[in-house]
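Structure at a glance
For reference, the chains in residue letters:
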Amino acid sequence: MLRTLMLGRSHLKTSGFPAVVRQVWGTLRQPLRRPERPCSQVSCAQKNRRDGLHPLWKSAGSVPGGSRQSPINIRWRDSVYDPGLQPLRISYDAAACLHVWNTGYLFQVEFDDATEGSGISGGPLENHYRLKQFHFHWGAANEWGSEHTVDDHVYPAELHLVHWNSVKYRNYKEAVMGENGLAVIGVFLKLGAHHKALQTLVEVLPEIKHKDTWAAVGPFEPSCLLPTCRDYWTYPGSLTTPPLTESVTWIILKKPIEVAASQLAEFRTLLFSALGEEERMMVNNYRPLQPLMNRKVRSSFQATEERTTS
Ligand SMILES: [Zn+2]
């Protein structure tokens, strides 16, 4: 049965096939408790993503029943170039960086969002959005870990910079539940050169090994974690962690940043568990792909032949 899943990538890209894979894969996965990514890019590596269900998901359920859930697989050929999309205007204040903490699901760097100083506008956004925090999602190995995928290509990790609409809402908490409340910039991480700016965060990680531990960090200017090229895809979606609210305008940068394998390995030294609990490695902290349903992904750039992701 497994052999039937080992098909070439060209075949996988033909229409209809991923659904079949999902069905078969679903039956294969029945004994598993974790909501696995229903991915069409079936590889031996992905069969190893077998983990118990993280407590975060135990009450949330894997199917919230919404119509604009995230993450999604971005299909380059199905995305629509929108010449009306503005360039992103990004202005972050390094001094607003407060601390980093282990949430028990990932590590998150928090920012002071009491003033307008640090945030984004332009792009697909009609208002200014203040930076609240950024965090990463990653896998147990380098072959997977990102939440979004591009033409079924999975990156080893993904950075999310979370912003809230400070024109429509009074604070982050209100914005999470509201229409056009949040804007999240997604940046893919791929293996390559050592990332100097990321290293300043990596060096703090030993201090926040356990759940609910905090460490001072900063000043830190998060735009140093963005690629030079600001081309992006945008689509209406949701948070990928509970409460999974459909308040997010996603802005996914086309170009990944490069990080060293040793830096990603440091992410995996963190634990889901608190001090005194049985140790559980913090890995595979991504949500499975969600159906696109009736949505269009727009791009700020015109498609060319340079599809370097596969
Ligand atoms: Zn995230």
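Please read all numbers here as calculations on a predicted model, not as lab measurements.

**A closer look at the overall build of the protein chain**
Looking only at helices and strands, the protein chain features eight helices and 15 strands. Among the 310 residues that make up the protein chain, the fraction classed as buried is 38%. Intrachain contacts of the protein chain at a sequence separation of at least 6 include 72% that bridge at least 24 residues.

**Thoughts on the environment of Ser146**
The topology assignment puts Ser146 in the loop between β7 (129-138) and β8 (149-150). Placed twelve residues apart in sequence, Ser146 and Glu158 show a C-alpha to C-alpha distance of 4.8 Å. In this structure Ser146 touches His137, Val154, Tyr155, Ala157, Glu158, Phe188 and Tyr286, once residues within four positions along its chain are discounted.

**Brief notes about the pairing of strand β10 (residues 182-191)**
Burial analysis of β10 places eight of its ten residues in the buried class, the great majority of the element. Pairing geometry for strand β9 (residues 157-165) and β10, over eight bridges, is antiparallel. Pairing of Ala157 across the sheet is with Leu189, part of β10. Of the pairings in the sheet, the one linking β10 to strand β14 (residues 257-259) comprises three bridges and is parallel in character.

**Let's talk about unusual backbone geometry**
For the peptide bond that leads from Ser70 to Pro71, omega is 0°, which places it in the cis range. Within the secondary structure, Pro71 is located in the loop between α5 (55-58) and β1 (73-74). For the bond from Gly218 to Pro219, the omega torsion is 5°, close enough to zero to count as cis. Topologically, Pro219 is positioned in the loop between β11 (214-216) and β12 (232-237). The residue Asp151 is not glycine, and still its phi comes out positive at about 50°. Structurally, Asp151 can be placed in the loop between β8 and β9. You will see that Asp152, though not glycine, has its phi angle at about 70°, which is positive. Note that Asp152 resides in the loop between β8 and β9.

**What to know about the confidence of the model for the protein chain**
The predicted model of the protein chain averages 85 in pLDDT, with 79% of residues at 70 or higher. Taken together, the stretch residues 1-51 has pLDDT below 50 and engages in 49 contacts with residues farther than four places along the chain or on a different chain.

Conventions adopted
Residues numbered from 1 in each chain as written. Predicted model: local features only at pLDDT ≥ 70, side-chain atom pairs only at ≥ 80, totals over all residues. Helix = DSSP H or I, 4+ residues; strand = E, 2+ residues; numbered from the N terminus. Buried ≥ 20, exposed ≤ 12 C-beta atoms within 10 Å, placed from the backbone. Contact = placed C-beta atoms within 7 Å. Pairing = 2+ DSSP bridges. pLDDT = per-residue confidence, 0-100.

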